[in-house]
Amino acid sequence: MQFVKNIQFTRLIKADGRLREFNFRKMITSQETLFSVDVVDDRGNRIMFKMNKQDGNWKIIPTPVPAWVQDQEQNMSEMINEELTAQTFTVY
């Protein structure tokens, strides 16, 4: 039996002039590790997309997302890496 740790976290990011709540959840598929991300737009619609690791950075998998989400790609990549680093050093 293999134990896989569930990683979920939320970060506030200023995007499009507003502080927005981005929710991250780690997903493991048979081929790769992905992060599912969701955020709410100004109208209350939930925007959902996935990110995968390419060349050492987390990138949005090509999906139609608003420009203000795309503009935060590097910021989100850094936050994912920080969270994964923090999880590595957590001792229970």
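Rules used throughout
Residues numbered from 1 in each chain as written. Predicted model: local features only at pLDDT ≥ 70, side-chain atom pairs only at ≥ 80, totals over all residues. Heavy atoms only, no water. Phe/Tyr/Trp six-rings, centres within 6.5 Å; stacked < 30°, edge-to-face > 60°. Helix = DSSP H or I, 4+ residues; strand = E, 2+ residues; numbered from the N terminus. Buried < 20%, exposed > 50% of the residue type's maximum accessible area, 1.4 Å probe, protein only. Pairing = 2+ DSSP bridges. Axes fitted to C-alpha atoms, helices over the stretch in contact; angles between N-to-C directions. Core = buried A, V, L, I, M, F, W, Y, C linked by side-chain atoms within 4.5 Å. Contact = heavy atoms within 4.5 Å.

With that settled, consider the packing of aromatic side chains. The final tally for this structure, using the stated rule, is three aromatic pairs. Measuring from ring centre to ring centre gives 4.7 Å for Phe 9 and Phe 24, while their planes differ by 10 degrees; the resulting arrangement is stacked. Linking Phe 9 in strand E1 (residues 8–15) with Phe 24 in strand E2 (residues 18–28), this pair joins segments that are 15 residues apart in sequence. Accessibility expressed as a relative area gives 7% for Phe 9, which makes it buried. Centroid distance Phe 9 to Phe 35: 6.2 Å. Interplanar angle 70 degrees. Geometry classified as edge-to-face. Placement of the pair is Phe 9 in strand E1 and Phe 35 in strand E3 (residues 33–40), with a sequence separation of 26 residues. Following the ring pairs from residue to residue traces out a cluster consisting of Phe 9, Phe 24, Phe 35 and Trp 58.

Right, let's get into the sheet that holds E3. Pairing is antiparallel in the open sheet, where five strands are placed in the order E1-E2-E3-E4-E5. In this open sheet, the two edge strands, each paired with only one partner strand, are E1 and strand E5 (57–60). Neighbour to neighbour, the strand axes of the sheet diverge by 30 degrees on average, direction disregarded. As paired strands, E3 and strand E4 (residues 46–54) are joined by seven bridges and run antiparallel to one another. Counted as the bridge partner of Val 39 is Ile 47 from E4.

One finds Phe 22, Phe 24, Phe 49, Met 51, Val 69 and Met 76 to be the most contacted residues of the largest nonpolar core, which totals 20 residues. Elements that contribute at least two residues to this core include exactly E1, E2, E3, E4, E5, helix H1 (67–70) and helix H2 (73–88). In contact with Val 69, not counting residues within four places along its chain, are Val 39, Phe 49, Ile 60 and Met 76.

What follows covers unusual backbone geometry. Residue Asp 16 is not a glycine yet carries a positive backbone phi of 55 degrees. Looking at the secondary structure, you find Asp 16 in the loop between E1 and E2. Positioned with a positive phi, Asp 55 is a non-glycine residue whose angle comes to about 55 degrees.

By themselves these figures say nothing about function.
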